[in-house]
Amino acid sequence: MTFLQLQLPMPTDASDYYRVTGQTVTYNGYNAQCGYQMKCYSDNSCPALQELPALEQEALAQATAELLRNEAASHDPNFIIKEPEFDTDFFQTKETLPSEVLGVRRTLTTQKVLKKLAQKYNCCQLKNLLDGKCYSNLTLSCCKGDATLTCDPYYPYRSYDGSCNNLQNPTWGKRGRPLKHPFAPCYCDLVSKPAVSQSGTPLPQNRKLISDLSENLRLYGPNITAEMSMMTVFFSEFGSSDIIGRATRRTQKPTSGFRGCNPDGHGRSPYMSTLSNPLLVLPNDRYFASLGVTCLNFSPQEKANDQCELKHVGERNQESSYLDLSSMYGAVPDYDVYGKLKLQQCGATNPIVTTHPFTVQFFTVAGLFAKFHNYCVDRARTCIPDTVTVQERCRALNVGLYQKIIFEQLLPLLFGDTLYNLCGLNCQYDPKTESVVSQVYKNGPGRFQHVWIPDQMKYKPQGNTQWLPFNVFFHDQERFDCSGVIGGMLETPIQIGRLVDAIVNKFYSEDGVRGTCLPCLDLARNRDSGLCPLVTYKHFVEQLIGEPSKCYRQFEELSDMFRPAMLQFLASKFESPADVDVLFGNFEKRFYPGAKLPMLVSQSTCLQFKRLKCTDRFFYSWNPYLGEGSRHLIKAMDLTGLLALFTDLVEIPKNPFLVNSPKFMSSDVRTYLKSLDYLFCHL
């Protein structure tokens, strides 16, 4: 039997599509169907772990020493990226809070134990151990007696860190929890070393692969007229930041980023700690060679195995996994005496402003919801006397409107009618399934926004049109007119079928010359987190949703997914179709009718957002604590309404995600929405 047959019955209707297993185990479905010899197929041997206490003691000592060295590095300016380097703050590290220190040390200790086991035992024994076939709930002794979390089942409001959304499993969806692999990651040592090709040679060099792909798409990519606006990109990125918080390896002292490269970008720095793992740039690089850059900074992500379990582990998520505006509100409530949010540039809140890297366009999208919270408070406090009640009911209304925009405006556009209906988003709350973000989605298909970024964006201060390089919006945000920023993104079409210079060579650049490589970072995180090959993940998703699957022995057989020029490119870079990184799913040619996302990307997005909705006890369409006023306001409002209320635009599009959408007069929309002010007394 395959893993799916053992763990996950085939779905009989769309309502089962989003389910994932509780135990991450090795997936052999693709190899079984395609007749490949599966390693360890009949090997049930397990490691003898009498030496585990000694290994744990040694690993704990090593972990403690490493953490102390990292703390010392965080106080040594030689180890920190700093002004005037262009990427200062790009790899910003947030502090490890006192309540998190124990978990970080436990995770690092456990990871060192797993690496030692990988050196000591053969892959079959280790696979059986990590797949949970050898021992039940095996954990290291340092994690015994962990504290439990209790919840008040009658408390009517969401927590800010995501805890207690699920009353039976209070930590599900909580900030700091691990991202979840849908099946075991494909590390070549099963634990941490990035995958290699089937022959055992390294996969194509990261930067050269992306640079050559960019050139290939420039010469042979599709020439398609875009209809979606850059609002789609930034709203999608805002949604991603709400469910996925970057968690680079941290110290107790926050920093502007740990150094991996020399300040001039030529070679690795002698001041490099375990908190950095820079990317190599070859001397003949098409763009960086003339600048003398042979090194790009990169910070690996932090693992999350705070319970010291000997199993396959994922990376830490620094946000709650729910669509709850957690990146905007923060993990701890911070209001003024009236229950209003403290707003900064373009209405952005402090958690948004202090997190990098974000453009001013991102600030403006976040600011729409922050301003709506305060708009609600101003009206509700005239008739609801209790400040806490006002701020929490306005937050519930705000989250409900945000969720509505995602599920009734954004996803229908991205999916098209066929997939939207197939996805089965009309589910009900399921308390038996964990709310979690897929590790694959976060580092692979979920990066779809990045292939839509153009070299330049429109900016319309006081109605005057300017076209500016994309990188300028990352710096000195206070000089931009916020309504002009929104007006520009509504009229800037996305980029189709290219990887432009702005993200491949000049991303986050200050001078428009030297920048970093966003797709290179995506690919590095893809490999660093052990994502399995594209064809394996494709097979898994197809089996999960009940579609036929095929095998890929020759690159020509990938013609069902890719155009001829892309096939030739892949064949020139990879040894086998089974080696192609899952990130390349963003460039496939298959689309559902009317969809704006490639097929595998849209399937993955469907599974992810279905899981987020159906595991959310407070989702707006069934939240029992929403009053009639909130329900009517959510029904009446959408993204167009937010633009009418909180920008200076004279006209606003009916569908802000399309560049040529019909427009309304803002004044008419505002007049209508203000006629509903009485509803704020019935939240």
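Structure's up top.
Residues numbered from 1 in each chain as written. Predicted model: local features only at pLDDT ≥ 70, side-chain atom pairs only at ≥ 80, totals over all residues. Heavy atoms only, no water.

Colleague: Pulling in residues and values, what's your account of the overall build of the protein chain?
Modeller: Summing up its helical and strand segments, the protein chain has 21 helices and 8 strands in all. Since a compact globule built from 683 residues should have a radius of gyration of about 26 Å, the 25 Å found for the protein chain is in line with a globular shape. By principal-axis analysis of the C-alpha atoms, the protein chain measures approximately 70 × 60 × 55 Å. Expressed as a percentage of its 683 residues, the buried residues of the protein chain come to 60%. Long-range pairs, those at least 24 residues apart, make up 77% of the contacts in the protein chain between residues at least 6 apart in sequence. Carbon and sulfur atoms make up 52% of the accessible area of the protein chain, which totals about 27000 Å². The averaged location of the 68 negative side-chain charges in the protein chain is 2 Å from the averaged location of its 70 positive side-chain charges. (Helix = DSSP H or I, 4+ residues; strand = E, 2+ residues; numbered from the N terminus. Rg over C-alpha atoms; globule rule 2.2 N^0.38 Å. Buried < 20%, exposed > 50% of the residue type's maximum accessible area, 1.4 Å probe, protein only. Contact = heavy atoms within 4.5 Å. Areas by Shrake-Rupley, 256 points an atom, 1.4 Å probe, with all protein chains shown as cover. Lys, Arg positive; Asp, Glu negative; His and termini not counted. Charge placed at Lys NZ, Arg CZ, Asp CG, Glu CD.)

Colleague: I'd like to hear about the pairing of strand 5 (residues 456-459), residue by residue, with values.
Modeller: Where strand 5 meets strand 6 (residues 466-469), 4 bridges bridge the pair, whose relative direction is antiparallel. Bridge assignment links Y459 to a residue of strand 6, and that residue is Q466. The antiparallel hairpin formed by strand 5 and strand 6 contains 6 residues in its connecting segment, where Q462 sits at a positive phi of about 50°. (Pairing = 2+ DSSP bridges.)

Colleague: Before we move on, can you summarise the side chain of S299 with the specific residues and values?
Modeller: Mapped onto the elements, S299 comes out in the loop between strand 2 (295-296) and strand 3 (303-304). Residue classification places S299 among the buried residues on the basis of a relative accessible area of 1%. Contact partners of S299, with chain neighbours within four places excluded, come to F91, T248, F258 and L275.

Colleague: Now, about the packing of helix 6 (residues 206-220) against helix 17 (residues 564-573): what can you tell me, with residues and values included?
Modeller: Put simply, helix 6 and helix 17 touch, their axes get as near as 10 Å, and they point 155° apart. Put simply, helix 6 runs roughly antiparallel to helix 17. Where helix 6 crosses over helix 17, the two elements pack in a sense that is right-handed. Contacts between helix 6 and helix 17 involve K208, L209, D212, L213, N216, L217 and Y220 on the former and, on the latter, A565, M566, F569 and K573. Residue composition of the contact of helix 6 with helix 17, by class: 7 nonpolar, 1 polar and 3 charged. (Axes fitted to C-alpha atoms, helices over the stretch in contact; angles between N-to-C directions. Parallel < 35°, antiparallel > 145°, perpendicular 65-115°, else oblique. Left-handed = near helix turned anticlockwise from the far one by under 90°. Nonpolar A, V, L, I, M, F, W, Y, C, P; charged D, E, K, R; others polar.)

Colleague: Before we move on, could you go through the nonpolar core and cite the residues and values that matter?
Modeller: Membership of the largest hydrophobic core comes to 162 residues, with the highest contact counts inside it found for F235, F238, L570, F584 and L642. Of the residues forming this core, the biggest block, 16 residues, is contributed by helix 11 (residues 387-423). Once residues within four sequence positions are removed from consideration, L570 is found in contact with F555, L558, F562, V580 and F584. Formed by 18 residues, the second largest nonpolar core is a distinct cluster that contains L49, L55, L140 and V191. (Core = buried A, V, L, I, M, F, W, Y, C linked by side-chain atoms within 4.5 Å.)

So far we have only geometry, and geometry alone does not tell us how the molecule works.
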